[in-house]
Amino acid sequence: MSGEGDTTLKSICYKPGSLQLLDQRKLPLETTYLEIRDTADGWSAIQEMVVRGAPAIAIAAALSLAVEVSNFSGFDGSSAEAVAFLEKKLDYLVSSRPTAVNLADASLKLKQVIANALASSAAEPNSIFKAYIEAAENMLEDDVASNKAIGTFGSSLLRQQAKNPDKLSVLTHCNTGSLATAGYGTALGVIRALHTQGVLERAYCTETRPFNQGSRLTAFELVHEKIPATLIADSAAAALMKDGRVDGVVVGADRVASNGDTANKIGTYSLALCAKHHGIPFYVAAPLTSVDLSLSSGKEIVIEERTAKELLNTHGGLGERIAAPGISVWNPAFDVTPAELIAGIITEKGVITKNANDAFDISSFAKKVTGN
């Protein structure tokens, strides 16, 4: 079982009882997989950005607990204690990265699975652990199918909105491909789908400072897939748009509030402002698990701040120091793009568009497509 999809690039290599994560801090120069034996390993891998990307974080967390449970030599507690054990471990994993909602959403769904298993008349610790492992494995498989649907809906939308639907150039930010998901990708999945259809003229990717997910990871994926692509500095995006080289901007999301405000990698808000000024449609591509209907707006989204080293040193904080000693640092990992700058939100269930009041009604869309 794996998250391979249509690509040989895999950030998550899983088989029952074993999990390996591609160390994305070392790409593109070195391909190293780390063995994840338990939730402590999983927590560290997520927090230290061995694995990143909202969907991949959620799946890696879920599978790290599945591996820990699979390798139990024996559990001497009751069924209720087995449930309590799993719930405590899930809460611990959620604390690794606070902004991406997919991780918390996965935890809630998995807690429901084990609660249902406990309610079964045949409930015993082993049956509860088995139910958890199966649910975590299903998340891995479901993510690939979800991403492919996002790619299909997204490519159709961009072609409908484009002046020339048979020749599009698309700008993206951060990394939203196979390395950020179980396989295929969200925003990069849209670009992949356009390329497969033969209508992508060029993909542009930003460096995505300071951790360089664009230059290290997205560029790596685009070259690997032989997709025509060009890397630009983050600060070159406005000039690229002014030159008329961009037909659309597609980015991912770590959390979408119920009004459509979207938290994504720092620099996304700047791209949205530039796109608005130049009359270029700006889209968010994300699974419904990235939507947090409990938040009325982006003002309620917790923004993670990361170590100053990422700005002070080269290679996202892992290399030599380049900044002046004594300088203070502000390093938010994400920013929030207001819904008014977003033309549409591309999900695996279809595209969320604005109503007559020029506003998103994500809650109604979610109820319609999920029946909840």
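Residues numbered from 1 in each chain as written. Predicted model: local features only at pLDDT ≥ 70, side-chain atom pairs only at ≥ 80, totals over all residues. Heavy atoms only, no water.

Under the annotation held in an unreviewed UniProt entry, the protein chain carries the name Methylthioribose-1-phosphate isomerase and is attributed to Brassica oleracea var. oleracea. What UniProt records for the protein chain under Pathway (unreviewed entry) is the sentence "Amino-acid biosynthesis; L-methionine biosynthesis via salvage pathway; L-methionine from S-methyl-5-thio-alpha-D-ribose 1-phosphate: step 1/6." The UniProt entry for the protein chain carries this comment under Function (unreviewed entry): "Catalyzes the interconversion of methylthioribose-1-phosphate (MTR-1-P) into methylthioribulose-1-phosphate (MTRu-1-P)." (UniProt positions renumbered as here; feature names shortened; annotations may be inferred.)

## Notes on the sheet that holds strand β12 (residues 334-337)
Across the sheet, which stays open at both edges, the four strands sit in the order β11-β8-β9-β12 with mixed pairing between neighbours. On the outer flanks of this sheet lie β11 (291-292) and β12, each paired with one strand and no other. Here strand β8 (residues 255-257) runs beside β11; their pairing, made up of two bridges, is parallel. Its bridge partner lying in β11, V256 is registered against V291. (Pairing = 2+ DSSP bridges. Helix = DSSP H or I, 4+ residues; strand = E, 2+ residues; numbered from the N terminus.)

## What to know about the sheet that holds strand β13 (residues 344-347)
Pairing within the open sheet is mixed, and its seven strands lie in the order β6-β5-β4-β7-β10-β13-β14. Both edges of this open sheet fall to β6 (229-232) and β14 (350-352), since each of them pairs with a single strand only. The average angle at which neighbouring strand axes cross in this sheet is 25°, direction not considered. In this fold helix α5 (residues 125-161) packs onto β4 (168-172), β7 (248-251), β10 (282-285), β13 and β14, with an angle of close to 145° to the strand it touches most, β13. Across the sheet, helix α11 (residues 362-370) lies against β13 and β14, angled at about 160° from β14, the strand it touches most. (Axes fitted to C-alpha atoms, helices over the stretch in contact; angles between N-to-C directions. Contact = heavy atoms within 4.5 Å.)

## Digging into the environment of I227
Within the secondary structure, I227 sits in the loop between α7 (213-224) and β6. Dropping the residues within four chain positions of it, I227 is found in contact with I191, R192, H195, L200, A203 and L222.

## With respect to helix α3 (residues 79-94)
A rise of 1.5 Å per residue sets the reference length of α3, with its 16 residues, at 22 Å; its end C-alpha atoms lie 23 Å apart and thus fit the reference within 8%. Residues S79, A82, V83, L86, L90 and L93 constitute the buried set of α3. Along the axis of α3, the buried positions cluster into a sector of 100°, meaning they face one direction only. Next to the buried residues of α3 lie α1 (39-47), α2 (54-70), α4 (101-119) and α5. (Expected span 1.5 Å × (residues − 1). Buried < 20%, exposed > 50% of the residue type's maximum accessible area, 1.4 Å probe, protein only. Arc of directions from axis to C-beta.)

## With respect to the pattern of salt bridges
Should their charged atoms come close, side chains of opposite charge can pair. Scanning the entire structure with this criterion turns up 15 salt bridges. Residue E221 is joined to R192 by a salt bridge in which the shortest nitrogen-to-oxygen separation is 3.4 Å. Taken together, the residues E221 in helix α7 and R192 in helix α6 (residues 187-196) connect sequence positions 29 residues apart. Both residues of the pair, E221 and R192, count as buried. Taking the shortest distance from any N to any O, the salt bridge between R306 and E310 comes out at 2.7 Å. Per residue, the accessibility class of R306 equals that of E310, and both read buried. Each of the salt bridges in this network shares a partner with another, and the network as a whole consists of R97, E304, R306 and E310. (Salt bridge = Lys/Arg side-chain N within 4 Å of Asp/Glu carboxyl O.)

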